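Here is what each chain is made of, one letter per residue.
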Protein chains: 2
Amino acid sequence: MKSVARNALYAQAGGATAVLNASAAAVIAEARRHPGRIGKVFAARDGLLGILAEDLVDTSRLTTTDLAGLATMPGAIFGTCRAGLKTRSEDPRSWQRIVDVLAAHQIGYVFYNGGNGSSDTAQKLSEIAAHTGYPLCVVGVPKTIDNDMVGTDSCPGFGSAAKYVATGLREAAMEVHSMARTSTKVFVLEVMGRNAGWLTAACGLAAVKAGDAPHLLLFPEVTFNSQRFLAKVKETVIRKGFCVIAASEGIRRSDGSHVSESTNRDSHGNPQLGGVAPYLARLVTEKLGHKCHWAVADYLQRAGRHIASATDLAHAEAVGRAAVELALKGGNGIMPVIRRKSSLPYRWNIKTVQLSAIAVRERFLPASFMSADRWGISARGRSYLSPLIEGEALPPFRHGLPAYPDLQFPSVPRRLGGFDIR
Amino acid sequence: MKSVARNALYAQAGGATAVLNASAAAVIAEARRHPGRIGKVFAARDGLLGILAEDLVDTSRLTTTDLAGLATMPGAIFGTCRAGLKTRSEDPRSWQRIVDVLAAHQIGYVFYNGGNGSSDTAQKLSEIAAHTGYPLCVVGVPKTIDNDMVGTDSCPGFGSAAKYVATGLREAAMEVHSMARTSTKVFVLEVMGRNAGWLTAACGLAAVKAGDAPHLLLFPEVTFNSQRFLAKVKETVIRKGFCVIAASEGIRRSDGSHVSESTNRDSHGNPQLGGVAPYLARLVTEKLGHKCHWAVADYLQRAGRHIASATDLAHAEAVGRAAVELALKGGNGIMPVIRRKSSLPYRWNIKTVQLSAIAVRERFLPASFMSADRWGISARGRSYLSPLIEGEALPPFRHGLPAYPDLQFPSVPRRLGGFDIR
């Protein structure tokens, strides 16, 4: 009996990573290896929103060279969104719309590439088959620079962001060291990770040997105390001549308030939007009198494809391929993730987890990955983090800049009427 | 008649660059090629301060491998300072001390590696021979990420910082584009260059084709007007869906005040130390309602050796070598600089300028390098900038991070008494 090929739909959700598009390329390439089972690979523009709006594109025209180029591009080529899906009883209209869109385009496979919040959406989409009888395999593809998904040893996207911040901090620390005797004595780098300190911990890798910068890591899991902080900075400057600090954007005081929420008011009386790094720099300058410099990496760390980790890139491609394999086996409501077999040498493979076990949960940096005084990382933390930044995977450069193909995706003609996304 | 080899002294001054140590390595390597003329190459710790303090190190133990490694390290390996030298009549004591230190160590050549302010110091040092009869050749070696030295087509250090900001902004823009429909619509990157807009202009290179991000460049040479700025951002978001901005740290209002000097006061009544990027982001959010992200690259751009420009590296090494050659010809009070012979293909060589023609002067971004509306760069600006970021020159990596040799420099035993640096 001849099986009929059904189409696949790929979608990206949440914040992008340096290697998210590498997962996209891997899903597309792997799907093409099974032409008898999978027809076209469509992609939704802006994740869930594109599904609801029937705003789909066709990836069929991408050449093998295009796919290789796509794997070198940061960002989310198809666009992304932070919108989630309510339960079927809360929002039956959207659920019916999704089934209509999938059916209109003969879509039998959905690959939803996202983090914690997006896993919840993917999990809900996976219930469509059971609830409505529409035959559908939904497989999640993990990604997040925050590394805060449970169920996986690490998250594709994290290793590259980790490599970005560790490299940048190692370099900047050499600059601070050079000038410390007569100028800047303290440097603060603010990194992402509002609740989970994985990227802050990655900054600790910049210290190749004991005593190297960075000297202080401020994890969001550890309550910020300005007196302790200032005492530690003061002592470090006396002992080392300078002090390099990495701080999570999400550090909080003991009353739970974010340090980035300044108590200062602007001319309209609104609380001033801060930034942890400038706050800490001002504190040090005011209280200790040291000249400070500070940097906020923000999107630079999330999009830093030029310093992507080869290990991370391999992870991102592997979960993309594995997602297709799982779907072809009839998998639904699951996600391929990274399993670590050993750290030294680093060996890993792919295992499968249930989306229901992942969705909306959050994984924090364990205390055992911090040093005893909580100002740095432990040997165990280092052993965990180090393999994830291993290997360089530069994009091709042209005229001194990363060269990206100019990919065009034809829109898939709409077959349904409009839909009002509420 | 046999000439007696005299020692050389190398010093670094001002802010470091990604390729400053490549100049250092080139000076040392070139000096070694002339053992009959140049004895040891000493280096001063922390620039001028090390000369005054007789705090010198000996580079003789560096192997060829060490020198190759030194050329891959950001920062200033020997330390730097921003201290300048007064005139001989203002500070005869320091002048005498310098002559004493040079004489005590048989130093006949000084290579002073710095920017505008440092060129003034080098110029003054070059007057020692004429004023005191002590035989000395002082040759400057140019460097600055600001590219604001007159007399040279470009400054070693600039090309790498330019490549850093252009690459980072190109990558971050892809992230913004990915999320713009439902989340962040405006992104601001703050770059260095307090008075001169060269690095801001370099951000314009991130736009590979017309219409690409960045959409707005805010040069320090152009008065900042918040109404015009907001109107332009608003229009860009309507037309493009998002808006990417690069802003110099030094932009000023029409009254001459820096935008980074916030009018807000902290709890102590002090003016709040700002940052241009967070200021602009807040302005856009308050006035236009768009979600903004912002980044401040700070030292990351100055130390970004991992994304150094191969052209810039070649410049840095060439001026180092040329400085030694000039000194051996008896040159004094001069500096080798970059002369551009053509932009496409990029061809250049070294010419020599008088330090007196450079010192303390400052070169601004010409209006002809800006687009007619002054929100971007012109074709002429692009043609100037583009070759300077050409080529990649990665340092070696180990365990996922730039690998730097652990260089040790024995201190040169002091021959003089202490000196009180005022």
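Residues numbered from 1 in each chain as written. Chains lettered and ligands numbered in written order. Predicted model: local features only at pLDDT ≥ 70, side-chain atom pairs only at ≥ 80, totals over all residues.

## Re the overall build of chain A
Point 1. Along its length, chain A carries 13 helices and 15 strands.
Point 2. Scaling as 2.2 N^0.38, a compact globule of 422 residues should have a C-alpha radius of gyration of about 22 Å, and chain A matches this with 23 Å.
Point 3. Looking at chain A as a whole, 59% of its 422 residues qualify as buried.
Point 4. Pairs at least 24 apart in sequence give 76% of the contacts found in chain A among residues at least 6 apart. (Helix = DSSP H or I, 4+ residues; strand = E, 2+ residues; numbered from the N terminus. Rg over C-alpha atoms; globule rule 2.2 N^0.38 Å. Buried ≥ 20, exposed ≤ 12 C-beta atoms within 10 Å, placed from the backbone. Contact = placed C-beta atoms within 7 Å.)

## Brief notes about the domain arrangement of chain A
Point 1. You can read the domains of chain A as domain 1 (6–143 + 308–361 + 393–402) and domain 2 (158–302).
Point 2. The distance between the C-alpha centroids of domain 1 of chain A and domain 2 of chain A comes to 35 Å. (Domains from an automatic or database assignment.)

## Examining the packing of helix H1 (residues 20–32) of chain B against helix H12 (residues 310–328) of chain B
All names here are of chain B.
Point 1. Contact geometry of H1 with H12 gives a least axis separation of 7 Å together with a crossing angle of 35°. Between H1 and H12 lies a crossing of right-handed hand. Seen from H1, the contacting residues are Ala22, Ser23, Ala24, Ala26, Val27, Glu30 and Ala31; seen from H12, they are Leu313, Ala316, Glu317, Val319, Gly320, Arg321, Ala323 and Val324.
Point 2. Here the contact of H1 with H12 is built from residues that sort into 10 nonpolar, two polar and three charged. (Axes fitted to C-alpha atoms, helices over the stretch in contact; angles between N-to-C directions. Left-handed = near helix turned anticlockwise from the far one by under 90°. Nonpolar A, V, L, I, M, F, W, Y, C, P; charged D, E, K, R; others polar.)

## Re helix H1 (residues 20–32) of chain A
Residues and elements named next belong to chain A.
Point 1. Look at H1: 19 Å from first C-alpha to last across 13 residues, which is about the 18 Å you get at 1.5 Å a residue.
Point 2. Of the positions making up H1, those classed as buried are Leu20, Asn21, Ala22, Ser23, Ala24, Ala25, Ala26, Val27, Ile28, Ala29, Glu30 and Ala31.
Point 3. Where H1 is buried, its residues contact strand E1 (6–12), strand E2 (38–44), helix H3 (64–70), strand E4 (107–114), strand E5 (137–142) and helix H12 (310–328). (Expected span 1.5 Å × (residues − 1).)

## Brief notes about the pairing of strand E8 (residues 243–248) of chain B
All names here are of chain B.
Point 1. Within E8, six of the six residues are buried, which leaves it mostly tucked inside the rest of the structure.
Point 2. Here E8 shows a buried face lined by Cys243, Ile245 and Ala247 and a second buried face lined by Val244, Ala246 and Ser248.
Point 3. Bridging between strand E6 (residues 186–191) and E8 involves six bridges; their strand directions are parallel. Within the sheet, the bridge partner assigned to Leu189 lies in E8 and is Ala246.
Point 4. Pairing analysis gives three bridges linking strand E7 (residues 216–218) to E8, with the strands arranged parallel. Its bridge partner being in E8, Leu216 is matched across the sheet by Ile245.
Point 5. After leaving E7, the chain enters helix H9 (residues 226–240) and then returns to the sheet as E8, a path that is right-handed. (Pairing = 2+ DSSP bridges. Right-handed = clockwise from strand over helix to strand, strands pointing away.)

## As for the interface of chain A and chain B
Point 1. Listed per partner, the contact involves 65 residues of chain A and 65 residues of chain B.
Point 2. Among the elements of the structure, helix H7 (158–179), strand E9 (261–265), strand E10 (271–273), helix H10 (276–288), strand E11 (292–296), helix H11 (299–302) and strand E15 (401–402) of chain A are those that each provide at least two residues to the side of chain A that touches chain B.
Point 3. With 13 residues, the single largest contributor to the side of chain A that touches chain B is H7(A).

## Description of the relation of the copies chain A and chain B
Point 1. At an RMSD of 0.0 Å, chain A and chain B line up after a rotation of 180° and a shift of 0.0 Å along the axis. The operation mapping one copy onto its partner corresponds to a two-fold rotation axis. Considering only C-alpha atoms, the residue of chain A closest to the rotation axis is Val296(A), which sits at 2.5 Å.
Point 2. Interface residue correspondence from chain A to chain B reaches 100%, placing this contact among same-surface, isologous pairings. (Least-squares fit on C-alpha atoms with pLDDT ≥ 70 in both.)

## Overview of the environment of Gly151(B)
Point 1. With respect to the helices and strands, the residue Gly151(B) is situated in the loop between strand E5 (137–142) and helix H7 (158–179).
Point 2. Excluding its chain neighbours within four sequence positions, the residues that come into contact with Gly151(B) are Val337(B), Val353(B), Ala357(B) and Ile358(B).

## Structural notes on the pairing of strand E13 (residues 346–354) of chain B
All names here are of chain B.
Point 1. In this sheet, E13 lies alongside strand E12 (residues 334–343) in antiparallel orientation, the contact comprising nine bridges. Considered in E13, the bridge of Arg340 is made with Trp348.
Point 2. Two successive antiparallel strands, E12 and E13, enclose a turn made up of two residues.

## What to know about the confidence of the model for chain A
Point 1. In this model, chain A carries an average pLDDT of 94, and 96% of its residues clear a pLDDT of 70 or more.
Point 2. Taken over the whole predicted complex, pTM reads 0.96, whereas the ipTM for its chain interfaces reads 0.96. (pLDDT = per-residue confidence, 0-100.)

## What about H12(A)?
Helical geometry: 3.6 residues make up each α-helical turn, so side chains three or four residues apart lie on a common side.
Residue and element names in this part refer to chain A.
Point 1. Taking 1.5 Å per residue, 19 residues should reach 27 Å; H12 reaches 27 Å between its end C-alpha atoms and fits that length.
Point 2. The buried fraction of H12 is high, at 14 of 19 residues.
Point 3. Positive phi appears at Gly330, one or two residues downstream of H12, with a value of about 85°.

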